[in-house]
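Tertiary structure, described
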Amino acid sequence: VSAEEVETVASPTVSGDAVAQLSALEEAVRGCRQCALCDGRKQTVFAQGSPTADIVFVGEAPGEQEDIQGLPFVGPSGQLLTDIITKGMKMQREDVYICNVIKCRPPNNRDPLPAEKDACEPYLLQQLDLVKPKVICALGGHAAKTLLKTDESTGSLREKWHFYHGIPLRVTYHPAYLLRSPGEKRKAWDDIQEVLKVLNGEITPTP
Ligand code: URA
């Protein structure tokens with residue numbers, strides 16, 4: 001067989017392994033009791049989208065609708081994220097991978113506690129290591145601070161390339177914040193344009 005044939009045979013196996021490992025991880029998360037949020041959840045919210053996506057969006061934590069449906073970003077901020085993906089980026093939600101720092105809904109949508117983020121972080125890290133996207137978009141402070149191990153604000157982390165395990169990472173505002181402050185949507189769109197440049201191969205940020 002030619003090298004080309006070996007490649008077409010070999011590559012699905014590699015991503016197939018990652019898909020299987022993601023399923024196993026999702027199953028583990030379903031039974032997770034690492035923090036007290038498990039007592040209040042209807043169900044865990046692992047991720048949605050393609051396990052071989054070039055881009056991963058990382059949000060904060062499930063809200064009410066997410067807890068009910070078991071899917072990330074399906075409430076009001078989800079509608080805005082869907083608009084960003086479909087109307088702005090001209091992609092489909094199925095083409096991207098969407099997940100959160102925290103897999104269970106905090107009561108009354110309060111901010112996740114540091115101990116909850118610490119308990120849940122290994123799941124996110126494994127998701128990112130298995131999906132291996134070309135670019136990561138951190139939606140808001142909880143995602144940015146968890147992935148970049150910083151206390152800086154979303155505003156000061158924007159407008160530059162960061163790296164998570166060598167993968168370019170862009171920080172933008174959380175859709176829930178954009179719904180409260182629609183005047184900031186322009187800035188979020190600027191951030192997304194930079195992400196698109198990586199996806200389109202126009203730029204390759206290096207650490
Ligand atoms: N829905 C999510 O899944 N994550 C958020 O961060 C907000 C809403």
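Thresholds applied
- Residues numbered from 1 in each chain as written.
- Predicted model: local features only at pLDDT ≥ 70, side-chain atom pairs only at ≥ 80, totals over all residues.
- Heavy atoms only, no water.
- Buried < 20%, exposed > 50% of the residue type's maximum accessible area, 1.4 Å probe, protein only.
- Helix = DSSP H or I, 4+ residues; strand = E, 2+ residues; numbered from the N terminus.
- Pairing = 2+ DSSP bridges.
- 1 Å grid on protein atoms, 1.4 Å probe; cavity = no way out; pocket = protein on both sides within 12 Å on 5 of 7 lines; lining within 4 Å.
- Points joined across faces, edges and corners; volume = space filled by probe spheres on them.
- Nonpolar A, V, L, I, M, F, W, Y, C, P; charged D, E, K, R; others polar.
- Phe/Tyr/Trp six-rings, centres within 6.5 Å; stacked < 30°, edge-to-face > 60°.
- Lys NZ or Arg CZ within 6 Å of the ring centre and 35° of its normal.
- Contact = heavy atoms within 4.5 Å.
- Axes fitted to C-alpha atoms, helices over the stretch in contact; angles between N-to-C directions.
- Parallel < 35°, antiparallel > 145°, perpendicular 65-115°, else oblique.

What follows deals with the pairing of strand β3 (residues 97–100). Residues in a regular strand project their side chains so that they alternate between the two faces of the sheet. Burial along β3 is two-sided: the face carrying Tyr97 and Cys99 and the face carrying Ile98 and Asn100 are both buried. The sheet contact formed by strand β2 (residues 55–59) and β3 spans four bridges and is parallel. Residue pairing for β3: Phe57 is matched across the bridge by Ile98.

Under the criterion given, the structure shown has two cavities of 30 Å³ or more. Of the voids in this model, the largest cavity is the one considered here, and its volume is about 100 Å³. Looking at the largest cavity, it is lined by 15 residues, and the ones nearest its centre are Cys32, Cys35, Cys104, Cys120 and Tyr123. For the lining of the largest cavity, the secondary structure elements donating two or more residues are α2 (37–40) and α5 (114–131). Top contributing element to the lining of the largest cavity by residue count: α5, with four residues. Among the residues making up the lining of the largest cavity, the classes are represented as ten nonpolar, two polar and three charged.

In this structure, the largest pocket spans a volume of roughly 560 Å³. Lining the largest pocket are 27 residues, with Glu60, Ala61, Ser77, His174 and Ala176 sitting closest to its centre. Secondary-structure elements contributing two or more residues to the lining of the largest pocket are α3 (64–69), α4 (76–88), α6 (141–148) and α8 (175–180). Here the lining of the largest pocket is built from residues that sort into ten nonpolar, eleven polar and six charged.

Here we take up the packing of aromatic side chains. Think of a pair of aromatic rings as described by two things: how far the centres are apart, and how the planes are tilted against each other in angle. Following the criterion strictly, the structure yields one aromatic pair and no others. Consider the rings of Tyr173 and Tyr177, whose centres lie 4.9 Å apart with planes at 40°: the pair is tilted. Under the relative-accessibility criterion, Tyr173 is labelled buried at 10%. One Lys or Arg, Arg170, reaches over the ring of Trp161 and ends 4.7 Å from the middle of that ring.

Another aspect to go through is the sheet that holds strand β1 (residues 48–49). Taken in spatial order, the six strands make up an open sheet running β1-β3-β2-β4-β6-β5, and their pairing is mixed. Pairing within the sheet leaves two strands with one partner each, and these edge strands are β1 and β5 (162–164). Pairing between strand β4 (residues 135–139) and strand β6 (residues 167–172): four bridges, direction parallel. Across the sheet, residue Ile136 finds its bridge partner in β6, namely Leu169. Lying over the sheet, α6 contacts β2, β4, β5 and β6, oriented at roughly 130° with respect to β4. Docked against the sheet, helix α9 (residues 185–199) engages β2, β4 and β6, running at close to 165° with respect to β6.

Between α5 and α6, whose axes approach to 11 Å, the crossing angle comes to 80°. Between α5 and α6, the angle falls in the class roughly perpendicular. Residues Lys117, Glu121, Leu124, Leu125 and Leu128 of α5 form the contact with α6, whose participating residues are His142, Thr146 and Leu147.

Any functional reading would require information that these geometric values do not contain.
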